[in-house]
Amino acid sequence: PHSHSLTMDPKYNSNPYSMHNANQEINQRKTRGGLFEDTASAHTAAPTSTGRTQGHMGQMGQMGPMAPSVPMFNPAVAGPSIGGAFPPSALLSPAIATLGADYGQRFIGSSTAAVKENLSRYGLTMESIKYYFNVNNSYVVNKLSIVLCPFGHKNWSRLHLSESPGFKAPRDDVNAPDLYIPLMAFITYILAVGLALGYGNRFRPEALSGTASWGLATAAVEIVGLKLGLYLVAVNSIDLFDLLAYVSYKYLGITLSILTGIFLPFLYYPVLLYTTTAVAFFLLKTLGPLMFSVAGPGTSPEDKQRRNLFLFGVAAFQFPLCWLAIVRP
């Protein structure tokens, strides 16, 4: 065992307070049972001469008791459980990364399944949306001619699938509604409004976003009105996307009218009147077969009359909608 006696400097004899501190330090070391004995002895036994040791102890007497040396914490040596410390390098281990990736995949998978389940209740699935973009060049050309000039078209009935219930895709049936042409027409309409405003030195960047918001809000209100009216006349067989396509074909005639007002101003009103009439006639011919195809033998004449009135009301409502959407330079 090491001796806890200290070589006292004469200053300790003349300073009672320093002697008291030295004795208190010795008692603390005995009480601790040598917990920091090695580290303390390393500090006291290191000097090579007695004079240096005595001088060092003399300075200790003036400065007070020497604090015990506490080992420093080394995160590279200590494990995750020492003192509750968790080395940052452990977060980058392959096991932690694999666990996080698996949890993320499970979370994304469950969220996607929940969204698909909720959308499928209203028929909003990816397969149903793809149906309305299944078009080809022949369909686009023929559909544009029917929308802009519907008066010469004779057969307005949609083609049914032979192996399963439902209708054929737009690429196989020119009377089928699609969302490709309405989407392109709506984007062109926004650009045409910006061109008209710029031609009249009234263009502002926020005008484009305002035009898009107005068009989307108008389509939403029109679809809600159509669904309510169809419910009142007992027609529930028309799909939501069908209605969206039918009410959006009007942007073809609106865009043509705006461009005519820019480049051929003297033809603006005749073209506007013609395109609006064409849109109204197109809706009469497309919605009519769908509404009256559900009329069975038990359908009363009053029900047929209500459907006719509703159908003509929808067609007449296209005139104010088209006129409100027009922006002149």
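A short tour of the structure in this document, coming up. Note that the structure is predicted; figures quoted are calculated from it, not measured.

How each quantity is defined
- Residues numbered from 1 in each chain as written.
- Predicted model: local features only at pLDDT ≥ 70, side-chain atom pairs only at ≥ 80, totals over all residues.
- Heavy atoms only, no water.
- Helix = DSSP H or I, 4+ residues; strand = E, 2+ residues; numbered from the N terminus.
- Buried < 20%, exposed > 50% of the residue type's maximum accessible area, 1.4 Å probe, protein only.
- Contact = heavy atoms within 4.5 Å.
- Areas by Shrake-Rupley, 256 points an atom, 1.4 Å probe, with all protein chains shown as cover.
- Salt bridge = Lys/Arg side-chain N within 4 Å of Asp/Glu carboxyl O.
- Axes fitted to C-alpha atoms, helices over the stretch in contact; angles between N-to-C directions.
- Parallel < 35°, antiparallel > 145°, perpendicular 65-115°, else oblique.
- Left-handed = near helix turned anticlockwise from the far one by under 90°.
- Nonpolar A, V, L, I, M, F, W, Y, C, P; charged D, E, K, R; others polar.
- Core = buried A, V, L, I, M, F, W, Y, C linked by side-chain atoms within 4.5 Å.
- Phe/Tyr/Trp six-rings, centres within 6.5 Å; stacked < 30°, edge-to-face > 60°.
- Lys NZ or Arg CZ within 6 Å of the ring centre and 35° of its normal.
- Patch = residues over 30% accessible without salt bridge, like charges linked within 9 Å, V, L, I, M, F, W, Y side chains within 5 Å.
- Expected span 1.5 Å × (residues − 1).

Structural notes on the overall build of the protein chain
If you tally the helices and strands in the protein chain, you get 13 helices and zero strands. Listing the helices and strands of the protein chain from first to last along the sequence gives α-α-α-α-α-α-α-α-α-α-α-α-α. Looking at the protein chain residue by residue over its 329 residues, the buried ones come to 32%. For the protein chain, restricting intrachain contacts to residue pairs at least 6 apart in sequence, the fraction spanning at least 24 positions comes to 72%. For the protein chain, the computed accessible surface area is about 20100 Å², with 65% contributed by carbon and sulfur atoms.

Re the pattern of salt bridges
If you walk through the whole model with that rule in mind, you get four salt bridges. Two residues, E222 and K250, come together in a salt bridge whose shortest N-O distance is 3.0 Å. Residue E222 is found in helix α9 (residues 205-232), and its partner K250 is found in helix α11 (residues 250-263); the two are separated by 28 residues along the sequence. Comparing E222 with K250 shows no difference in burial state: the two are buried. Residues R306 and D303 are paired through a salt bridge, measuring 2.1 Å at the closest nitrogen-oxygen approach. A residue pair is termed a helical-turn pair when its members lie 3 or 4 positions apart in one helix, as R306 and D303 do in helix α13 (residues 301-325) at three residues.

Details of the packing of α9 against helix α10 (residues 240-248)
Between α9 and α10, the least distance of the axes is 10 Å, while the angle of their chain directions is 125°. With respect to each other, α9 and α10 are oriented oblique. Relative to α10, α9 is oriented so that their crossing is right-handed. Across the interface between the two elements, E222, I223, L226, K227 and L230 from α9 touch L240, L243, L244 and V247 from α10. Here the residues of the contact of α9 with α10 sort into seven nonpolar, no polar and two charged.

Here we look at the nonpolar core
Ranked by size, the top nonpolar core spans 52 residues in total, and within it Y189, I238, Y249, I254, I258, L287 and M291 carry the most contacts. Put simply, the parts of the chain that give this core at least two residues each are α7 (137-148), α8 (180-199), α9, α10, α11, α12 (268-292) and α13. Top element by residues in this core is α8. It accounts for nine residues. When neighbours within four sequence positions are excluded, L287 is seen to be in contact with I238, L243, Y246, L311 and V314.

Concerning the packing of aromatic side chains
As enumerated under the stated definition, the model contains ten aromatic pairs in all. Each ring, one from F186 and one from Y251, has its centre 5.2 Å from the other, and the planes form 75°; the classification is edge-to-face. In this pair, F186 sits in helix α8 while Y251 sits in helix α11, placing the two residues 65 residues apart along the sequence. Here F186 and Y251 have matching classes, each one buried. One aromatic cluster is present, formed by Y131, Y132 and F241 through successive ring pairs. For R158, the ring lying beneath its charged end belongs to F167, and the centroid distance is 4.0 Å. Over the face of the ring belonging to Y268 we find R328, whose NZ or CZ atom lies 4.2 Å from the ring centre.

So, a nonpolar patch on the surface
Judged by side-chain polarity, M126, I129, F133, Y180, L183, M184, I187 and L191 come together as a nonpolar surface patch covering roughly 700 Å² of accessible area. The set of elements that each furnish at least two residues to the nonpolar patch consists of α6 (126-131) and α8. With five residues, α8 is the largest single contributor of residues to the nonpolar patch. Examined against the element boundaries, I129 turns out to sit in helix α6.

Focus on the environment of G313
Mapped onto the secondary structure, G313 falls in helix α13. Among the residues examined, G313 registers a relative accessible area of 37% and is labelled partly exposed. C-alpha of G313 to C-alpha of L284: the two residues are 29 residues apart in sequence and 9.8 Å apart in space.

A word on α9
When the terminal C-alpha atoms of α9 are compared, their 42 Å separation across 28 residues agrees well with the 40 Å that a helix rising 1.5 Å per residue should span. For α9, every residue scored as buried is listed here: A207, T211, A212, G215, T218, A219, E222, I223, L226, G229 and L230. Once α9 finishes, A234 follows within two positions and takes phi at roughly 65°, a positive value.

Some points on α13
Counted at 1.5 Å a residue, the expected span for α13 with its 25 residues is 36 Å, and the 37 Å between its end C-alpha atoms agrees. Among the residues of α13, those classed as buried are R307, F310, L311, V314, A315, Q318, L321, C322 and A325. Contacts from the buried residues of α13 go to α8, α9, α11 and α12.

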